[in-house]
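Next come the chains, spelled out residue by residue.
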Amino acid sequence: MTVPETTTATTAQGEASGETSGAEALRPHAEDAFADELKALAAADDRPRPARWRLSPWAVATYLQGGTLPDGTVITPKYVGPRRLIEVAVTTLATDRALLLLGVPGTAKTWVSEHLAAAVSGDSTLLVQGTAGTPEEAVRYGWNYAQLLAHGPSRDALVPSPLMRAMSDGMTARVEELTRIPADVQDSLITILSEKTLPIPELGQEVQAVRGFNVIATANDRDRGVNELSSALRRRFNTVVLPLPATPDAEVDIVSRRVDQIGRSLDLPAAPEGLAEIRRVVTVFRELRDGVTTDGRTKLKSPSGTLSTAEAISVVTNGLALAAHFGDGILRPGDVAAGILGAVVRDPAADRVVWQEYLETVVRERDGWKDFYRACREVSV
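Asks: Got a sec to walk through the side chain of Thr134? Specific residues and values, please.
Replies: If you trace the backbone, Thr134 turns up in the loop between strand E4 (127-129) and strand E5 (141-143). A distance of 3.1 Å separates a polar atom in the side chain of Thr134 from the backbone oxygen of Gln129. In this structure the side chain of Thr134 is engaged in a polar contact, spanning 2.8 Å, whose partner is the backbone nitrogen of Thr131. The residues contacting Thr134, other than those within four sequence positions of it, are Val128, Gln129, Ile181, Pro182 and Val185.

Asks: Break down the pattern of salt bridges for me, citing the residues and quoting the values.
Replies: Counted by the stated rule, this structure contains 20 salt bridges. Close ionic contact of Lys78 with Glu37 constitutes a salt bridge, the shortest N to O distance being 2.7 Å. Of the two residues, Lys78 is situated in the loop between strand E2 (74-75) and helix H5 (83-93) and Glu37 in helix H3 (residues 35-44); the sequence distance between them amounts to 41 residues. The same class applies to Lys78 and to Glu37, which are both buried.

Asks: Describe the sheet that holds strand E10 (residues 214-220), and please don't skip the residues or the numbers.
Replies: Overall, parallel pairing links the 5 strands, which are arranged E4-E7-E10-E3-E11 in an open sheet. The sheet terminates laterally at E4 and strand E11 (237-241), the two strands that pair on one side only. Taking each pair of neighbouring strands and ignoring which way they run, the sheet shows an average axis angle of 20 degrees. As judged from the 3 bridges shared by E4 and strand E7 (residues 172-176), these two strands associate in the parallel manner. From the neighbouring strand, Gln129 faces E7, where its bridge partner is Glu176.

Asks: An account of the packing of aromatic side chains is needed here, citing residue identities and associated values.
Replies: Enumeration over the complete set of coordinates arrives at 4 aromatic pairs. Considering the side-chain rings of Phe34 and Tyr63, the 6.3 Å spacing of their centres and the 80 degrees angle between planes classify their relative orientation as edge-to-face. Pair noted here: Phe34 is in the loop between helix H2 (30-33) and H3 and Tyr63 is in helix H4 (residues 57-65), with a separation of 29 residues, a long-range link. We note that Phe34, like Tyr63, is buried. Geometrically, the ring pair formed by Trp369 and Phe372 is edge-to-face, given 5.5 Å between the ring centres and 85 degrees between the ring planes. Judged by its relative accessible area of 10%, Trp369 is buried. Above the ring of Trp369, the side-chain terminus of Arg280 is found at 5.0 Å from the ring centroid.

Thresholds applied
- Residues numbered from 1 in each chain as written.
- Predicted model: local features only at pLDDT ≥ 70, side-chain atom pairs only at ≥ 80, totals over all residues.
- Heavy atoms only, no water.
- Helix = DSSP H or I, 4+ residues; strand = E, 2+ residues; numbered from the N terminus.
- Polar contact = N/O pair within 3.5 Å; in protein donor to acceptor, adjacent residues only side chain to side chain.
- Contact = heavy atoms within 4.5 Å.
- Salt bridge = Lys/Arg side-chain N within 4 Å of Asp/Glu carboxyl O.
- Buried < 20%, exposed > 50% of the residue type's maximum accessible area, 1.4 Å probe, protein only.
- Pairing = 2+ DSSP bridges.
- Axes fitted to C-alpha atoms, helices over the stretch in contact; angles between N-to-C directions.
- Phe/Tyr/Trp six-rings, centres within 6.5 Å; stacked < 30°, edge-to-face > 60°.
- Lys NZ or Arg CZ within 6 Å of the ring centre and 35° of its normal.

Pasting the structure below:
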């Protein structure tokens, strides 16, 4: 991924922000969606701030975890989980160590990294998206070949990567899915993270990171063996493992909050009207994920998918859309049944057996689940 030149990128970003301001953006950046909360925190924040940070570490943690300010402003939680994990993550960014958020799919790694960057630097868009095809230029820099051919190597011909821009401006850069990036491209990060320098040998120059620069990377536990991090690179990170929600109530709270945010942007009915179905979706996902029913009496086979909180959010959001456009606006069993089937049955052979067994041995016999059982049977045929 080659990032456009700084001036072009800045202009494009400004134009995009103007065109998609307010409610027009389908998925606003964190710093835009929660601009009022960030402004209120900045006004109330009288604690020391590291160089070029928009907020103090305490205020950043409060932004992520939620709270009420002295003036009565309510800061909504962005991450529901152990506060200590967020405090460790924020503290890491205040040092010269990079931060690695590690966890299974759907544990809000990307969500947390975006909000950390928004709170610390006011800009979450300095992003490198890791894929099997991510080139070295995405981490270091590229070239404007028209300028290069016309005038030779120069700073005007150089196209900075998001990391290079973050180094120059003292900002927080993000690297998503680090273990999906080829190993030789990963190694480009070592000098940046250890020496805080990016050499430009073609020009005989270097870019030195200014105070405030840091990197947040995310990685998936299940990508082990894809492009595992070298010990040299792993040593450059402090690792924070984000766990799955500890309790059903916590997971229901997370799903409800996120679905409500997404639903407002899509003009969908309020999620609380379907709270019973949200709890049912979470129960199904947790039981199949854990391999045992909630009461601990029945052991279950687990499907091949992750059945993460993020997937539960997707299932409920899709169900709300069905209820809004093809129902009475209230989330019902028939609205979530197909979504659950799609989330559970990833392997048509093995997972279908797991799902059918769960339906017949657990769902069919559970009080108050008859409508859900019938809806699931209809879509499973």
